[in-house]
Amino acid sequence: MTSLHEYQPLSQGNHKRSGTVLLRRQGSRNGENLLLFLKEIGPVWVTAPGGSSKGGRASGLDSLYWGVFELYQGPRRSYLREFDMKEDFLSIRKSHSRLLMALEWTRLLSKNLLQLHPYDELLTLFWNALKQLEIGVTPSWAELRFFWRWANLMGQAPSLDHCYSCGQKVLEGARMRDGVLCTSCLGGSTNSAWISKEL
């Protein structure tokens, strides 16, 4: 049976798009397998050759590398021909807590997105979230903001205007737990984060 969400393969030939590496897996002796998240294409598995390619490195790539990828779509699979690095988020890699947070995001994106289905707004959101980590935003706050905005793109984000318990309109300064709670329903709990207009 054909799934409603079964992806359509790329047309055979060259494709050049910006994006990032979500996952890397050791492939055959001919190279590595990379899950790329690309503009106008979405997630796509490609095979990276074992050596360097003309114009840019096509092997040794890792999660969170951003740049311009040139692919060749063959009859059966996609191959990475060239890669022009734009950002490697080295400062995030130097912080254990920030790196773990960013890699968790790549894992969730790879698990929940359909292959070869464009998510351009989410790709931009992911970039902005990594930039927040890079400039020193607290990882827990960056995570809250990223997931709320992702859910909002999908039409599943909790309302920030009304209490999920009683339905009353809430003001800035109410707190969040499973959703937005007004101060009355929240009671004396302190195990939650403050709402901000920056969400």
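Structure shown above.
Residues numbered from 1 in each chain as written. Predicted model: local features only at pLDDT ≥ 70, side-chain atom pairs only at ≥ 80, totals over all residues. Heavy atoms only, no water.

1. Focus on the overall build of the chain
For the chain, the count of helices and strands is 5 helices and 8 strands. In sequence order, the secondary structure elements of the chain are arranged as β-β-β-β-β-α-α-α-α-β-β-α-β. The burial tally for the chain puts 42% of its 199 residues in the buried class. By sequence separation, contacts in the chain at least 24 residues apart represent 53% of the contacts at least 6 residues apart. Accessible area of the chain: about 11,600 Å², with a carbon and sulfur share of 48%. (Helix = DSSP H or I, 4+ residues; strand = E, 2+ residues; numbered from the N terminus. Buried < 20%, exposed > 50% of the residue type's maximum accessible area, 1.4 Å probe, protein only. Contact = heavy atoms within 4.5 Å. Areas by Shrake-Rupley, 256 points an atom, 1.4 Å probe, with all protein chains shown as cover.)

2. Some details on the environment of S91
Along the chain, the position of S91 falls in helix α1 (residues 90–93). Residue classification places S91 among the partly exposed residues on the basis of a relative accessible area of 36%. On a C-alpha basis, the gap between S91 and I135 in space is 8.9 Å, while along the polypeptide they are 44 residues apart.

3. Some details on the environment of L108
Along the chain, L108 turns up in helix α2 (residues 96–112). Separated by 86 residues in sequence, L108 and L22 have C-alpha atoms that sit 9.5 Å apart. When sequence neighbours within four positions are dropped, the list of residues in contact with L108 reads F147 and W150.

4. A closer look at α2
Its 17 residues give α2 an end-to-end C-alpha distance of 24 Å, which sits within 8% of 24 Å, the value for a rise of 1.5 Å per residue. Regarding α2, the residues found buried are R98, M101, A102, W105, T106, L108 and L109. Angular distribution of buried residues about the axis of α2 spans 165°; they occupy a single face of the element. Facing away from the buried side of α2 by over 90 degrees, the exposed positions are H96 and K111. Looking at the buried residues of α2, the elements they touch are β1 (13–26), α1, α3 (120–134) and α4 (139–153). (Expected span 1.5 Å × (residues − 1). Arc of directions from axis to C-beta.)

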